[in-house]
Each structure stands twice: as structure tokens, then as C-alpha cells.
Amino acid sequence: MLSRVADSIYWLNRYVERAENVARFIDVNLTLLLDAPTGEAQQWKPLILTTGDLSLFQERYGEATAENVIQFLTFDREYPNSIASCLFAARENARSIREIISSEMWERVNAFYFMVKEAAQSHTVPEWSNFFAEVKLASHLFAGVMNATMTHNEGWHFGQIGRLLERADKTARILDVKYYILLPSAKDVGTTLDQLQWIALLKSASAYEMYRKWGRHRIAPTAVAEFLILNREFPRSIQFCLLQAEQSLHQITGTPIGTWQNPAERALGRSRSELEYITIEEIVNIGLHEFLDRIQHQINDVGDKIFTTFVAVDPV
């Protein structure tokens, strides 16, 4: 497979997944505001902190109001990680490899892109919850169409790796922000507000119902962290994403799992193996923020190693 094609499929899936995750963050915050106690201040700044782009937002918008944050994260084409920018980049990647992907995949990306573009150009304010539900559904439809209509060859596996690394990164980010930033003060720990925010975090990862079915009836912070970091079966947990991404990587290279022959396999294998043997108690002792920050850096490093291993051209 051409490295250009592999890179485009990888980023096509990362951008679609990123758009979905941004929609999740905003939609859950909107729902949380409806459930929050009367008089509770709206908290929009943590959503910008989740993206890591606070300085850019403050430079362009200043105050983190609901209107400014939603505009920045949803429709701002000058912000490269907004939903609109992600869909534009996804469509351009899909356009460059139309001869590789299925026609159904191209149609889904096109429909997704124009749905967001029309909402951005509309002069009426959308019903936000319905709009973000449509974004999430469009992402799921694209993933389902890709699984059903594209040959599960090297290209499909590169797409899987892109989607799973993006998902693991966003799960780590939202958990990190909740644990250290979102709660207004220590006195609120264990209160109704605290409970609502942990429930909102689970819902942002579509994990609330599965967490309950996991046998945990109480919303305990350490149990939520364990579920979202270490569960091997829930498809949005960090460990599940890295396990599946590693399997796809080894399908591409043909190297047996448990061994490595290139920097990408080594970086991903190290991150995955650490999660397999660590406990939530050890994570808490390390410090949840410090651990999640390290995981995010490791995921970024895996992405860099995939680029240098499969895409970058060595100078002659």
C-alpha cells in the first residue's frame, strides 16, 4: 500500500472520530447544565482545557461563555480542531483516496460534511442537542459503513488505528479534566453536583449504562476511572482502544504480538502492556493526573512513530 494512501485513511478516521468526541463534550455539558443545582455557575472553560487550546481560544474570543465556546469548538474554520474543520479535513482525505475507499464511505463523509456546513451557514440557532446527536450518529454511520463495505486489508487497519488512538486520547483528556479542573472546590466532593459531573463524564463516553451493567451501582470516582482506563471489553476505554490498535498494527506488519520490529510497534506495545498489569490503586498512588498526562504523551508518541515508520520518506 502507498504511504500516502495509508496516511489519508488514518487521518480520515481520526478526524471523523475527533468531530464525534467534540460533539460529545459539548452535548454532555449542555445536559449537565439542565441538571445542575439552581444558581450553579456554568462551566464552559473546562471544555476548552480538554482540547489543550485555551490560549488560542482566549486570543480569539476572550471570555468562555456558552456561545463563544460552542462557536469555537463547532463551527470556527480557523480553529483546526473544530467539528467543521475536522469534517473539511476528513472530506479532503477521503477525496484523495476515492479509488481506495468504497463509494458508500465517500457518500457518508460527504453527507456528514454538508450537514455540518449547512448548520454553520444557517442564520438560525440550531437545536443544539439534536445537532450534536446528528453529529454522533453520522460518525457511527461512517464507522459502520466502513466496516461493512471496505475490505479489511491494510488500509482498513490503518483506519482502525487512527480511530482508536483518537478515541483513547479523548477518553484520557475528559477524565483528566474532570478529576482536576471541573469540580469547583474540594467541599463539593461527594455532593449532588459531584455525582452529576461523574455521571456526565460517563455519558460523554457513552459509558453510563455499561458502567452500571459492570455491577457498579454507586458512582465512585476510582471505579469510574478504572472502568474508563482499564476495562478490556468496553470499546471506549483506553486499554480496549490500545489493545485493538495494537492488533491492527501487527496485522499490517505481520509481526507476532508480544514482539516488535519497528518504533511504532515498540511504542504501542509498551503503552498497552503497562495498562494490562497496572491496577487502579497504583494509578491513584502515582497520581491520576500524572498518569493520564503520561498516557496522552504516549499516544501522541505512537502517532508520531506510525508516521515515521510508514509515511515519512528518509532523505536521500
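The structure presented is a predicted model; accordingly, all values stated were derived computationally and were not measured. (Residues numbered from 1 in each chain as written. Predicted model: local features only at pLDDT ≥ 70, side-chain atom pairs only at ≥ 80, totals over all residues. Heavy atoms only, no water.)

Caption draft 1: Summary view of the overall build of the protein. Each helix and strand in the protein was counted, giving 15 helices and zero strands. Buried residues in the protein amount to 53% of all 316 residues. In the protein, 62% of the contacts between residues at least 6 apart in sequence involve partners at least 24 apart. Of the accessible surface of the protein, which amounts to about 14800 Å², a share of 51% is contributed by carbon and sulfur atoms. (Helix = DSSP H or I, 4+ residues; strand = E, 2+ residues; numbered from the N terminus. Buried < 20%, exposed > 50% of the residue type's maximum accessible area, 1.4 Å probe, protein only. Contact = heavy atoms within 4.5 Å. Areas by Shrake-Rupley, 256 points an atom, 1.4 Å probe, with all protein chains shown as cover.)

Caption draft 2: A look at the side chain of Arg-163. Mapped onto the secondary structure, Arg-163 falls in helix H8 (residues 154-182). Of the side chains bearing the opposite charge, Glu-17 lies closest to the buried Arg-163, which forms no salt bridge; the N-O distance is 4.3 Å. Polar side-chain contacts of Arg-163 include one of 2.6 Å to the side chain of Gln-160. What Arg-163 contacts, discounting residues up to four positions off in sequence, is Asn-13, Arg-14, Glu-17, Phe-142, Ala-143 and Met-146. (Lys, Arg positive; Asp, Glu negative; His and termini not counted. Salt bridge = Lys/Arg side-chain N within 4 Å of Asp/Glu carboxyl O. Polar contact = N/O pair within 3.5 Å; in protein donor to acceptor, adjacent residues only side chain to side chain.)

Caption draft 3: Looking closely at the layout of surface pockets. By volume, the largest pocket amounts to about 370 Å³. In terms of lining, the largest pocket is formed by 26 residues, of which the most central are Trp-11, Arg-14, Arg-18, Glu-166 and Asn-300. Secondary-structure elements contributing two or more residues to the lining of the largest pocket are helix H1 (3-35), helix H2 (45-51), H8 and helix H15 (288-310). Element by element, the count of residues in the lining of the largest pocket is highest for H1, at eight residues. Class assignment for the residues of the lining of the largest pocket results in 13 nonpolar, five polar and eight charged. For the second largest pocket, the lining is made up of 15 residues, of which Val-28, Thr-31, Ile-199, Ala-200 and Lys-203 are closest to its centre. The element contributing the most residues to the lining of the second largest pocket is H1, with six residues. (1 Å grid on protein atoms, 1.4 Å probe; cavity = no way out; pocket = protein on both sides within 12 Å on 5 of 7 lines; lining within 4 Å. Points joined across faces, edges and corners; volume = space filled by probe spheres on them. Nonpolar A, V, L, I, M, F, W, Y, C, P; charged D, E, K, R; others polar.)

Caption draft 4: Local environment of the pattern of salt bridges. Using the criterion set out here, one finds 19 salt bridges in the structure. Where Arg-95 meets Glu-92, a salt bridge forms, and the shortest distance between an N and an O atom there is 3.3 Å. Of this pair, Arg-95 and Glu-92 both sit in helix H5 (residues 83-96), three residues apart, roughly one helical turn. Overlapping salt bridges bring together Arg-14, Arg-18, Glu-166, Asp-169, Lys-170 and Arg-173 as one network.

Caption draft 5: Structural context of the nonpolar core. Grouped together as the largest cluster of nonpolar side chains are 50 residues, with contacts concentrated most on Ile-26, Leu-73, Val-116, Phe-131 and Phe-132. Put simply, the parts of the chain that give this core at least two residues each are H1, H2, helix H3 (54-60), helix H4 (66-74), H5, helix H6 (103-121), helix H7 (128-149) and H8. It is H1 that provides the largest number of residues to this core, a total of 11 residues. Listed in part, the 46 residues of the second largest apolar core include Ile-238, Leu-249, Ile-278 and Ile-306. (Core = buried A, V, L, I, M, F, W, Y, C linked by side-chain atoms within 4.5 Å.)

Caption draft 6: Structural view of the packing of aromatic side chains. This model, assessed by the stated rule, comprises 18 aromatic pairs. Plain terms: the ring middles of Phe-57 and Phe-72 are 5.2 Å apart, the flat faces sit at 70° to each other, and that makes the pair edge-to-face. One end of the pair, Phe-57, is in helix H3; the other, Phe-72, is in helix H4, and 15 residues separate them in sequence. A single burial state applies to Phe-57 and to Phe-72, both of which are buried. Residues Trp-128 and Phe-132 carry aromatic rings whose centres are separated by 5.6 Å and whose planes lie at 15° to one another, so their mutual orientation is stacked. Here Phe-132 and Trp-128 lie together in helix H7, a separation of four residues that amounts to about one turn. (Phe/Tyr/Trp six-rings, centres within 6.5 Å; stacked < 30°, edge-to-face > 60°.)

Caption draft 7: Unusual backbone geometry, seen in detail. Positioned with a positive phi, Ser-206 is a non-glycine residue whose angle comes to about 50°. Within the secondary structure layout, Ser-206 lies in the loop between helix H9 (192-204) and helix H10 (208-213).

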